[in-house]
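# Commentary on secondary and tertiary structure
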Amino acid sequence: MALFATILIPLLGGIILAFFPAHRGREIKVFAILLSVATLILSIVLFAAYDYSAGGFQFRESFKWLDHPMNITFSLGMDGISAPMVLLTGIVMFAATLIAWNIQHRPKDFLVLLMMLVAGVFGTFVSLDLFFLFFFYELAVLPMFLLIGVWGSSSDFGTFFRSKEYGAMKLTLYLVAGSVLVWVAIMAMFWASYQAGTPTFSLEELRSVEFNDSYKHFQNLFFPLVMVGFGVLAGLWPFHTWSPDGHVAAPTSVSMLHAGVLMKLGAYGIIRVGLELMPEGAETWLPVLVGLGAVNVFYGAVSAMSQTDLKYVVGYSSVSHMGYVLIGIATLDRLGMGGAVLQMFSHGIMTALFFALVGAIYDRAHVRDVGVLEGLAKRMPMTAAFFAVAGLASLGLPGLSGFVAEFLVFVGAFKTYLPVAVIGVIGAAITAVYILRLLAKVFFGPIRPEWEHLTDASRVELGAAALLAFVLLFVGVWPLPLMDVINAGVIEIPGILGSG
Amino acid sequence: MSLEFFQVLSVALFSIGLYGVLARRSSVLILMSIELMLNAVNINLIAAAAFLDSAFVGQIIAIFVITVAAAEVGLALAIILQLARNKSTVNVDEVDLMKW
Amino acid sequence: MDLTQLAWLIPAFSFIAFFLVVFLGKFLPGRGVWISILAIGGGFVVFWVVLVGFLGADCPMAFGQATCGFSMEWFTAGDVELSWGIIVDPLSVVMLGMVTLVGLMIQVYSLGYMKGDPRLGWYFAVHSLFIASMLALVLADNFLLLYVVWELVGLCSYLLIGFWYERRSASEAAKKAFITTRIGDVGLLIGILLLFDQTGTFSMSGTFEAATAGQIGQGTLTLAALLIFLGAMGKSAQFPLHVWLPDAMEGPTPVSALIHAATMVAAGVFLVARAFPIFEAAPDALTVVAVIGLITALIAASQALVATDLKRILAYSTVSHLGLMMLSLGAFGYTAAIFHLVAHGFSKAVLFLGAGSVMHSMDEETDIRKMGGLRKVMPVTALTFTIGALSLAGAPLLAGFWSKDEVLLAVLDHKNYLLAFALIAAFLSALYMARALFVVFYGKLKDENQHVHESPWVMTGPMVLLAVPAAVVGFIALRVTDTGGFGTFLYFNKAHAFEFSYPLGIASALLALGALWLGWMAYGKGSTLLDPLKARLGGLNRIIENKYYLDDLYQWTIDRIILLVAKVVALFDRIVVNDTGVDGPAKGVRWSGGIIRYHVTGRMYNYALGMVIGGIFVALFWWLLTTR
Amino acid sequence: MSLTTNLHLLLPEFLLAGLAFVIFSADLILAEGRKHWLAWISVLGLIALTVLSLLLLWDRDELMYGGLFHVDAYSLFFKTFFMALGAVVILSSIDFAKARFSSQGEYYAIILMAILAMNIMAASGELLTAYIALELMSFSFYIMVAYLRGNPFSNEAGIKYILIGAFSSAFLLFGISMVYTSVLDTRFVDIADFLANAGDVSPALWVGLGLMLVGLGFKIAAVPFHMWAPDVYQGAPLPITAYLSVGSKAAAFALVLRMFSEAFAPAIDDWRILIAVLAVATMSVGNLVAMSQHNVKRLLAYSSIGQVGYLLVGIAALSQLASNGIMLHIVGYAFTSMAVFVGVIAFFNMTGKEEIKDMAGLADSHPFLAASISIGLFSLAGLPFFAGFATKFYLFNAAANEDMLWLAGIAVLNSLFSLYYYLNVIRQMYIEPKPETADEEHEMTEDGREIVLSQKPSLLLIGVLAAMVLGTIFVGVYPFPIVEAIEAATQALAIAG
Amino acid sequence: MTEVLFGIAAAMALGGGLGVVATRNVVHAALFLLLSLVAVAGLYLLLFAEFLALVQVLIYGGAIIIVLLFAIMLTRSREYPRISDNRQWPLAILAAGGLFGVVTAAILWKPSPDAAPQGPGLAKLGETLFTDWALPFEVASLVLLVALIGAIIIARAGGRG
């Protein structure tokens, strides 16, 4: 029941929340935080209890959902790839719920939707059945529209305007558009298994179904659907534009969860559905993915350089960082893949930290314009410090988790896709440029008089930030616990190459 | 005289009624055209029954068609009457409050 | 137990100090700065233990040198185990000694210099981290760990240069330092990855063995060596990546001392020395190292001659000397380079501390044109500064003299075609040191400087303590013991006892003395503060004063090319990818719906017509499509 | 041939007709203020009849009148479905009818008639029976659509509906006559026999089938026979719009599904592409045009056209799995659609408005209403946790398994399009602020009457709404029992050929 | 002989039909419709469907035409004797012609078997109708009932709604 509980706690909790009287904002928030604490503890326990030496899927649970011929089972399990993701979700969810303390407008609805989102995310990570994987995947997208549309913010850039409605609509439609492709691929896979006489949606059974000879052709045909479909959510270039716009429009907690966790769903999907079920198709198409990933890294970093809105900078940096994940996945190498999974974790924490801090600034200054914010460190020293930590993690500073992940990706990519690895390293340098420029501009230097009145982030916000920063540091210094688990997952991916 | 004669006649009458439905503006005339079409159906049914079918199913169907047609006229005229009261017109192209 | 194994304690002390001061400093008396000093002091003590241990230990030999160390798992990725571990060999021992001593002195000095700063705790914490990283860098036994601490060194320099972040110039300088060195780091990282790709290990010994055994193709090896050197160029401020170092004096002066003497810039030279087996196997790369070093030495020396900012002069001097060290390495002068590194480190520490002392007393004034005759009011500072300056200038018997001689000797032996240039660099070096020394401390004391007084003992004490090695450390090169001196302690492949080449020694001594005399004539004796040399240089002066337009070129590249590209990409992203590629189809769908809706006209007979046409088509289709 | 011996199996139908007569009669004696009792009588009667049908007809599989009428699991399933649906529609009409209808009693009786017609449609195994039941249902709807006599919209809808309806049934009949001319029988099994065995078929048969399709296409509102639907939906009284979009459509599909599987299945290769093309056209037109609608009812009309397209996908991929999919989707769609409609009815009872922009700020004033409508809309768009996701998944998957992956793909793409306009409605309710106008207490109708608006949704509507939402979620989360029942039903519907 | 009768009846039916769709006067249209319907009844006789001919004359000729005339009167359509066609009439001709072409071609594609028309006789027809087809018959009665009630509800003047 432990895995099921990760879904149930937020889900049932959200339903219970819905019955709270709407004006009891404080009780609602406290309850939500309790829920997230429970989930966090649960996810930590699950992660710690995962026996990496045994490997494979653990904490299995399975319930029949639909009989033959559909053969859908509600089956859950956690392996070395999903375990870090579960942990990540627990951490980011906790931080995001803390940050949601600031929500004043209809906090109940907000938290209910947030809990649904989290339930969807957990569900996706632990589902072992394509139907439910897809089910939860869409469930995670569903609340986004309202979360952004109701609680988000619009931005005016002079030359163009991005309303929150636009951001919300685009994000939702875009992600569902991606899922359209995934859906088609899922149907195709079921069809293939049906033809082979063993109709199933189970991830494990699909792996072992004996397909006929045309299956290779089939894989070549449908892998790109999975790649692009999930890739949309992972911010794959050129399907990434929902990400900056959506993140900018979203309220802080949602940006955190979204960039921190939801984007990982895409990458996770590519591994889980794409690589594991269609290894031969993957072989054909991974060079394309690696190319796009390289474009992601470079393009995202360069785009981030000229952004004037803090959230856009972070948004594009997410695009850039997800590029490393994609490259790592595409290397199909144990190191690279392990790096990709670690990068998913690391980027999730890092970007959540970023958004939390940008939100703290925005709540106080009511602008996010890099051109206007100057020298905030004087009034917001802790915010600046944590922002610097996030920034340094982002530019791949050793000692913080980003480095380990990116380094592994580079090592993995170096063997097979040398130019891409070089681009990746250069991308990291570009990241340094824009992050440092941003730090220098926004936080350092003399403070502008109009910001003299600002106060530092609240204790709750700092608490959330401290948790995230601690994780960054911990993983950066001692990645062993994480890597042991990730290795156990990575080696089971079919067609994965050894290193050494 | 063979079945084809009746069939072609039936199609012709059907087409004439069809033209009436498509080209007329007055709802009463449209209704009349529809009656023509239903008659064409009946000719076809009865001819087929007479020439081919020993069970005469066609004739049975035709009875029902006539029944339904009569009921239809009655109901339709009631609605048309109400329309005439409301809008003082029975022309269908003058009732386009709802479109697009 | 093998005492050398304790070496890991040295950086560990300071790492721990960093965390303690950062997290607990607020609650400790004196904001915990003493923890920091205690840690580095402890490190210095352990250094002696390690030194003794090392001399007594029977370490296995690698590349002709006794090498101890151990390593342990950090984490495993796939089937590759990544580890951290230490290497204790003469090179690391020497570096340990210098870094701990200089670091300790500077921290003590900082107590006085930074007194009253609101972020004192943070200052000392980062200081500790800086030193810890440098120490770990020195000890690292694999390239991964080396890269990790290498970056940490960069981070600390960033934090310390930008310590007074409220100053725009400080934050800009910090940024510049970090970014510039990071450009080099890109090379280093790629180089490391390249080596890993070739050898499958990050371990230095493993890599070196593979390199010397010829397992790596010559081209690849040269490329890897050059990439590693790129990293060294960034950290050690070699042309054309040297631009950050002069700006870096925006940080507190003790920080400059630390950067210039012991930590940051030494890392590059150390890296090349550490990776020397690779360079040796790739002689083409070594030539590049030598040439770059030489260019750096000359360019920086020329700039030092025209700079008017005391710290900038010292900074350019550092760059110039780093160039000499690289030149030395490029000329197989392994021992000489490290020797010079040590000698220069002590001297430069003294100089910077002296400069700090001056600034401390003169309200952070750094323009040498506003100084003069300060020896009258700051005797201790003046004395120590003079020792440091003369040492660097290569005045006979002082440390710099011996080490520079070694360098020149190496050049003569292996790259003799560069000797003339090297001598010019040495000459210029003496000249600008003379300029700095005489203009600041000699001549007439200005009226407005009458109130200036000597710094407190916490500052002068370390200066004095450092001036001693700056003066005498050269003698370790001599065969003072039966072991044969520095050259037989630290060497590459074969012991190479110190040889004093009389012709060269005399020549360089004359050169230095000549330069000093010239400096005295030009700057010290005359009361005029017009820079006579600058006036003579004419047009060249302008070029030099504008730093050979390198900064402008970089700025232009950033503003006009990189940022422009970024803007274009961002615009492309918005207009082409988003508004056209994404919104376009969406709008198209929406628009098509808006058009199609007009088929529902509201007229009943239109509907009927549609149905009939549809019916005809369906009927026809059915008829035509049927297979029978 | 003799009269069938199992007449008691028709008891539910007879009793249902009897119930309608009771309502007709009771209407004459009940006082004006108590007319809503009729609704409760109808609902209780329907519940009793449902129970009776389940007890009486469980596990039966018999043919009556020599193949005219099936008593099998399929017809029982739909019987239960239609009666339950009818009860829901009646319950959600009560407030509306009280406020706006002049002849309440007949209204409920006519709904009962429509239910009867639907039951027979699902059970009929022969063209004439099917046709006459279809007409009974259509007549009921013609009346109900035009029920608001003074309202020009209702009037216009009525005239359009009945004229086009009669026109289309002329086509249907002509098609039937041509099929009859070829087959010389009208029983589905005989048609199937003919199609399976006759090697050389006169093209008149195919053309006749084509003309029949015009009539059936009209009933299910498939493109290009759909254009009446938006106008009629918009003009009809709201509960009737709901009933049209769910009941009428479900009944037509119950008939079409049986007809295609029992009669036309042997010629599937001849018409599969055709139906597929119609499906594509239907869902594309429905979903695209819905994007630019301003009226809620009209929007839902186009959206239901889109849903028809999805169901046609199932017809094109005819197999047992696909039949399951169609029926499951119908059930899910019924819950979902009723959830939306009941929500809109409650809104309309309060405001008398039906433009999308009028719903601005609903989430603030009536959060439960807004949430329920949103859940319904999300379900319509096929998002998970709600019925739409599970049922669409099942349906499209079934289509894909019949080598119609491309069609399923287009259908999935269309659900993406549909999400846009559903989100627009949700946007109005949740994001746009409430307009700064005072709530009106009365609405003036076009013929000068004053209607008292309710201040808040009645408990009854809230209850129905909650039930529909729960049903939507139930089907979305645990459709297993329903799928079991459906599988039994489609088992009975042996696909010929 | 029958051919001649068929010719006359067919001509009358088609002529009446054309009159319905072509005339400018509503009342004339109704009378043309009557003509056509009666002619169709004649055709039924030729097909030995005497019961249907009777029904045709009674229901159509009697009931439907009267109702239509009533409706014309009540809706005062006669005040607009110059009724006109809508603007899509050319398309209507094309569509009607197209349908005629397609369906006729399909019918004539294959010759139907040669047979003589025959009728079931009234008794047999009645028996079949009330036994085999009892169910549709009952439903048809409900259709009539519903139509009746509906017509009353909708056409009723005054009152609410």
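What this report covers is the structure whose coordinates are included nearby. Just so we're clear, the structure is a prediction, and the values are computed from it rather than from any experiment.

### Some words on the pattern of salt bridges
According to the stated counting rule, one finds 47 salt bridges over all chains in the structure shown. The shortest N-O distance in the salt bridge between B:Arg25 and B:Glu94 comes to 3.5 Å. Remark: B:Glu94 occurs in the segment after helix H3 (57-87) and B:Arg25 occurs in the loop between helix H1 (3-23) and helix H2 (27-51); sequence separation between them is 69 residues. Note that C:Glu151 is salt-bridged to C:Arg182, the shortest N-O span being 2.6 Å. A residue pair is termed long-range when its members are at least 10 positions apart, and C:Glu151 in helix H5 (residues 143-161) and C:Arg182 in helix H6 (residues 168-199) qualify at 31 residues. Here the two residues C:Glu151 and C:Arg182 agree in accessibility, since each one is buried. Within this structure, A:Glu374, A:Lys441, A:Arg448, A:Glu450, C:Arg168, C:Glu172 and C:Lys175 form a network of salt bridges that share partners.

### Overview of the interface of chain B and chain E
In many reports, interface size means the accessible area that the parts give up when they come together. Contacts between the two partners involve 63 residues from chain B and, on the opposite side, 85 residues from chain E. Around 6400 Å² of area is buried between chain B and chain E when both sides are counted, 77% of it from carbon and sulfur atoms. The tally of links between chain B and chain E comes to 1 salt bridge. Between B:Arg24 and E:Asp85 there is a salt bridge, and its shortest N-O distance comes to 3.0 Å. Here chain B and chain E share 12 residue pairs in polar contact (both at pLDDT 80 or more) between them. Counting only elements with at least two residues in the side of chain B that touches chain E, the list comes to H1, H2 and H3 of chain B. Broken down by element, the side of chain B that touches chain E gets its largest block of residues, 22 residues, from H3(B). Its residues placed into classes, the side of chain B that touches chain E shows 46 nonpolar, 12 polar and 5 charged.

### Quick word on the packing of helix H15 (residues 381-394) of chain A against helix H18 (residues 459-477) of chain A
Relative orientation and spacing of two packed helices are given, respectively, by the angle between their axes and the distance between those axes. All names here are of chain A. Between H15 and H18, whose axes approach to 10 Å, the crossing angle comes to 30°. Our classification of the angle between H15 and H18 gives roughly parallel. For the element pair H15 and H18, the recorded crossing hand is left-handed. Residues Met-382, Phe-386, Val-389, Ala-390 and Ala-393 of H15 touch H18, and the partners they reach there are Leu-462, Ala-465, Ala-466, Ala-469 and Leu-472.

Calculation rules
Residues numbered from 1 in each chain as written. Chains lettered and ligands numbered in written order. Predicted model: local features only at pLDDT ≥ 70, side-chain atom pairs only at ≥ 80, totals over all residues. Heavy atoms only, no water. Salt bridge = Lys/Arg side-chain N within 4 Å of Asp/Glu carboxyl O. Helix = DSSP H or I, 4+ residues; strand = E, 2+ residues; numbered from the N terminus. Buried < 20%, exposed > 50% of the residue type's maximum accessible area, 1.4 Å probe, protein only. Contact = heavy atoms within 4.5 Å. Buried area = accessible area lost by both parts, 1.4 Å probe. Polar contact = N/O pair within 3.5 Å; in protein donor to acceptor, adjacent residues only side chain to side chain. Nonpolar A, V, L, I, M, F, W, Y, C, P; charged D, E, K, R; others polar. Axes fitted to C-alpha atoms, helices over the stretch in contact; angles between N-to-C directions. Parallel < 35°, antiparallel > 145°, perpendicular 65-115°, else oblique. Left-handed = near helix turned anticlockwise from the far one by under 90°.

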